[in-house]
Amino acid sequence: GADGARSEVRRLCGISTEGGRGLESFHSIHFRCPALLDRLEGRGAMLYFVFNPSTIACIVAHDLRNGEWVAQVPFFPPTQPGTLTSNEAHALVAACIAGSDGAADLKIEPDGDATRFASAAGVRWEVISSRAWSMDGAVASSFVASPGGSQPV
């Protein structure tokens, strides 16, 4: 698609962007936790904001029926690394689900070399993936390109 600061379609059309890069950095932790919706007691929504002594995060409900969520947790380079270990990702999910007590109650289930599953406060989840990303404040310099994508019109 042509959306986003790193759009391949926009690049192929020869359209540049203007604006700032690296405005904020986030860890994006994709996890599956079907039991989380029940804990929300009928308060299903798309976004949940978490503020507690252990973390600040935005939880995005990707698929409520299947219990898929993404925790967007800010980090601050260069004082914090852009990568998370499995245990660190689980600790952040625990802090989002169970608050400050989540880390104390965290139980990680080793699975060979992987640590995909964990639980805290009676809730079990699976971390599917985690990666860092950077928010950009860029906008296309043009919204029309000439045929062939050589120069913006």
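So, a few notes on the structure that sits alongside this text. (Residues numbered from 1 in each chain as written. Predicted model: local features only at pLDDT ≥ 70, side-chain atom pairs only at ≥ 80, totals over all residues. Heavy atoms only, no water.)

Before going further, it helps to spend a moment on the pattern of salt bridges. Considering all chains together, one arrives at six salt bridges under this definition. Between arginine 124 and glutamate 109 there is a salt bridge, with the nearest N and O atoms lying 2.8 Å from each other. Of this pair, arginine 124 sits in strand 7 (residues 123-140) while glutamate 109 sits in strand 5 (residues 107-111), and the two are 15 residues apart along the sequence. For arginine 124, a relative accessible area of 44% translates into the label partly exposed. The residue arginine 116 makes a salt bridge to glutamate 126 at a minimum N-O spacing of 2.9 Å. Note that arginine 116 is positioned in strand 6 (residues 114-120) and glutamate 126 in strand 7, a separation of 10 residues in sequence. Of the residues examined, arginine 116 reaches a relative accessible area of 37% and is grouped as partly exposed. (Salt bridge = Lys/Arg side-chain N within 4 Å of Asp/Glu carboxyl O. Helix = DSSP H or I, 4+ residues; strand = E, 2+ residues; numbered from the N terminus. Buried < 20%, exposed > 50% of the residue type's maximum accessible area, 1.4 Å probe, protein only.)

Right, let's get into a nonpolar patch on the surface. On the surface, Met46, Leu47, Phe49, Phe51 and Ile56 cluster together to form a nonpolar patch covering roughly 590 Å² of accessible area. Ranked by residue count, the leading element in the nonpolar patch is strand 2 (residues 47-52), at three residues. If you trace the backbone, methionine 46 turns up in the loop between helix 2 (35-39) and strand 2. (Patch = residues over 30% accessible without salt bridge, like charges linked within 9 Å, V, L, I, M, F, W, Y side chains within 5 Å. Areas by Shrake-Rupley, 256 points an atom, 1.4 Å probe, with all protein chains shown as cover.)

By the definition in use, this model includes two aromatic pairs. Ring centres of phenylalanine 26 and tryptophan 133 lie 4.9 Å apart, and the angle between their planes is 20 degrees; this geometry places the pair in the stacked category. With a gap of 107 residues between them, phenylalanine 26 in strand 1 (residues 17-32) and tryptophan 133 in strand 7 connect regions that are remote in the sequence. (Phe/Tyr/Trp six-rings, centres within 6.5 Å; stacked < 30°, edge-to-face > 60°.)

Moving on to unusual backbone geometry. With omega at 0 degrees, the peptide bond leading from proline 77 into proline 78 counts as cis. We note that alanine 121 has phi near 50 degrees; this positive angle belongs to a residue other than glycine. Assignment of secondary structure puts alanine 121 in the loop between strand 6 and strand 7.

A few words on the side chain of threonine 55. Structurally, the position occupied by threonine 55 is in strand 3 (residues 55-63). Setting aside residues no more than four positions away along its own chain, threonine 55 makes contact with Val50, Val73, Leu92, Ala95 and Cys96. (Contact = heavy atoms within 4.5 Å.)

Membership of the largest hydrophobic core comes to 24 residues, with the highest contact counts inside it found for Ile29, Phe31, Cys33, Trp69, Ile97 and Trp125. Among the elements that take part in this core, helix 3 (residues 86-98) stands out by supplying six residues, more than any other. Apart from the residues lying within four places of it in its own chain, the contact partners of isoleucine 97 are Phe31, Cys33, Leu36, Arg39, Val123 and Trp125. (Core = buried A, V, L, I, M, F, W, Y, C linked by side-chain atoms within 4.5 Å.)

It is worth spelling out helix 3 at this point. Taking 1.5 Å of rise per residue, 13 residues should cover 18 Å, and helix 3 covers 18 Å from first to last C-alpha, within 8% of that figure. Every buried residue of helix 3 is listed here: Ala89, His90, Leu92, Val93, Ala94, Ala95, Cys96, Ile97 and Ala98. With its phi angle positive at about 70 degrees, glycine 99 sits one or two positions after the end of helix 3. (Expected span 1.5 Å × (residues − 1).)

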